[in-house]
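# Descriptive analysis of the structure
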Amino acid sequence: MSKKIRLGILGGGGDSLIGVLHRIASSMYDSYQLVGGVFNPIPEENIGFAEQIGIPTNRVYKDFDTMIEEELKLPEDQRMQVVSVLTPNFLHFPMAKKLIESGFNVICEKPMTTSFEEAQILKETLDKSDVLFAVTYTYTGYPMVRQMKEMIASGVIGKIQKVDVQYYQGWINPIIHDAEKRANTWRLDPEKGGISCCIGDIGTHGYDMIEYLTGLEVESILSDLNYMYSDNKMDIDGTVLLRFSEHVKGLLRTSQIATGEENNFTVSIYGEKGGLKWEQENPNFLYHLTEDQPVRVLKPGHAYNSEFSLDGTKLPPGHPEGIFDSMGNIYKGVAKAIRKEKYHPGEFPTMNDGFRGMNFIERVVESHQKGNVWIKL
Ligand SMILES: NC(=O)c1ccc[n+]([C@@H]2O[C@H](COP(=O)([O-])OP(=O)(O)OC[C@H]3O[C@@H](n4cnc5c(N)ncnc54)[C@H](O)[C@@H]3O)[C@@H](O)[C@H]2O)c1
């Protein structure tokens, strides 16, 4: 029998954005076998997609409840071991909760839930279980992000004093100015997306990234959001002041109406001895800034990188690796944990990241609604 981990997928059908990323990432280190799931609520699309990607249709279920019921009837050594939840946000909570309660390991897309209250319930549910829970803050899997984290931890830039994170996209611009389009986009519908679009969708990546890299926790925030039209209920742009402590401060700039921008996610961390900068659109370059030397550019796969960074590189230096590899590294970490092998604590984001992320989203919206005031996290 195959030693691969049996993977189920919810959502991520042929019509989705993120499905292909998870399928390729899961196949990258030959650790998983996709055995079934529910890819689409429309039956013909669901089965049609399974046939298209060449997986047997006997475990492609008509809906989520049927999947749980039928999988639990299978002997444990055939049952799905982990299920990835890739549906629109409002389905993450009910699906993840029932999966945990039924004993399945879970890989959940971000934002983890649609509210902090749901996140609290999910955390309590997980605490009572012995399953594993990962949240796919995809960008933490890049080798040079891992290198940056390790360099900060080992004191290369000294004590941190300034944090700057930007996540600019432009894809909502052609939608927001058209009343019909903005009414028919699930990310702009609070019923499906939760209380925030821009902060929930991409600001949360920025927030997770800075806590991941620095090991510091944001203590309080002040936000200014933009909704653009009075009939639009979700933020599409926002700036958040971040306070880690009295002398460590930062800024999160995020927008989905930065016209013409693609996925311009950048993070800069400055300490008393130097700075480190990384850009998602050029992920194989890590810039190390100091006062007395020219800028150093570090690249993946070289022996000068940390063991943790090198573990996320598959080919010799000079073979660019990207977003698929980054997600592949997260899946690799989850596979190690499921197999009870040794893994690095930062190899995949956990419930703690998802939980803190939901608190951040809610507090940012609260700060804006209360008139742009400081709120403790
Ligand atoms: N980690 C990242 O960087 C990243 C990037 C993009 C999206 N996401 C997240 O991934 C999730 C999905 O986003 P997307 O852009 O792929 O959405 P999407 O709208 O493109 O696709 C959603 C998929 O879910 C399916 N679906 C809907 N209802 C379902 C149900 N009841 N049962 C089974 N399948 C169902 C749809 O058919 C579709 O295939 C969101 O939570 C989003 O925030 C994360």
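What counts and what doesn't
Residues numbered from 1 in each chain as written. Predicted model: local features only at pLDDT ≥ 70, side-chain atom pairs only at ≥ 80, totals over all residues. Heavy atoms only, no water. Helix = DSSP H or I, 4+ residues; strand = E, 2+ residues; numbered from the N terminus. Buried < 20%, exposed > 50% of the residue type's maximum accessible area, 1.4 Å probe, protein only. Contact = heavy atoms within 4.5 Å. Near = heavy atom within 4 Å. Polar contact = N/O pair within 3.5 Å; in protein donor to acceptor, adjacent residues only side chain to side chain. 1 Å grid on protein atoms, 1.4 Å probe; cavity = no way out; pocket = protein on both sides within 12 Å on 5 of 7 lines; lining within 4 Å. Sits in = over half its atoms within 2 Å of the grid points. Nonpolar A, V, L, I, M, F, W, Y, C, P; charged D, E, K, R; others polar. Expected span 1.5 Å × (residues − 1). Points joined across faces, edges and corners; volume = space filled by probe spheres on them.

### As for the side chain of Glu347
- On the secondary structure map, Glu347 appears in the loop between helix H12 (323-338) and helix H13 (351-369).
- You can call Glu347 buried: its relative accessible area is 3%.
- Among residues more than four places away in sequence, those in contact with Glu347 are Arg146, Phe308, Asp311, Asn329, Ile330, Lys332, Gly333 and Lys336.

### Considerations on the site of the ligand
- As a matter of local geometry, the ligand sits amid 28 residues, with Asp15, Asn89, Lys110, Thr138 and Trp186 nearest to it.
- His92 places a side-chain nitrogen or oxygen 3.0 Å from an oxygen atom of the ligand.
- Contact distances for the ligand include 3.2 Å between an oxygen atom and a side-chain N or O atom of His205.
- In this structure the site holding the ligand corresponds to the largest pocket.
- Only helix H4 (92-101) and helix H10 (198-214) provide two or more residues apiece to the shell around the ligand.
- Residue composition of the shell around the ligand, grouped by class: twelve nonpolar, eleven polar and five charged.

### Brief notes about helix H5 (residues 116-127)
- Relative to the 16 Å expected for twelve residues at 1.5 Å per residue, H5 spans 16 Å between its end C-alpha atoms, a close match to the ideal helical length.
- When we look at burial in H5, the residues that qualify are Phe116, Glu118, Ala119, Leu122, Thr125 and Leu126.
- Residues of H5 that are buried make contact with H4, strand E5 (133-135) and H13.

### Quick look at the layout of surface pockets
- Size it by volume and the largest pocket reaches roughly 1000 Å³.
- Contributing to the lining of the largest pocket are 41 residues, with Leu17, Ile18, Leu86, Trp186 and Arg187 lying nearest its centre.
- Broken down by secondary-structure element, the contributors of at least two residues to the lining of the largest pocket are strand E1 (5-11), helix H1 (19-27), H4, H10 and H12.
- Of the residues in the lining of the largest pocket, the class split is 22 nonpolar, twelve polar and seven charged.

### Re unusual backbone geometry
- The residue after Lys110, namely Pro111, is reached through a cis peptide bond having omega -15°.
- Within the secondary structure, Pro111 sits in the loop between strand E4 (105-108) and H5.
- Phi at Asp30 takes a positive value of approximately 55°, unusual for a residue other than glycine.
- In this structure, Asp30 sits in the loop between H1 and strand E2 (32-38).
- We classify Asp30 as exposed; its relative accessible area is 55%.
- At Met228, a residue that is not glycine, the phi angle is positive and equals roughly 70°.

### Comments concerning the side chain of Thr140
- Note on placement: Thr140 falls in the loop between E5 and helix H6 (143-153).
- On the basis of relative accessibility, which here comes to 3%, the residue Thr140 falls in the buried class.
- From its side chain, Thr140 meets the backbone oxygen of Tyr137 in a polar contact 2.9 Å long.
- Once you skip the residues sitting within four places of it in the chain, Thr140 turns out to touch Val145, Arg146, Asp208, Met209, Tyr212, Ile330 and Pro349.

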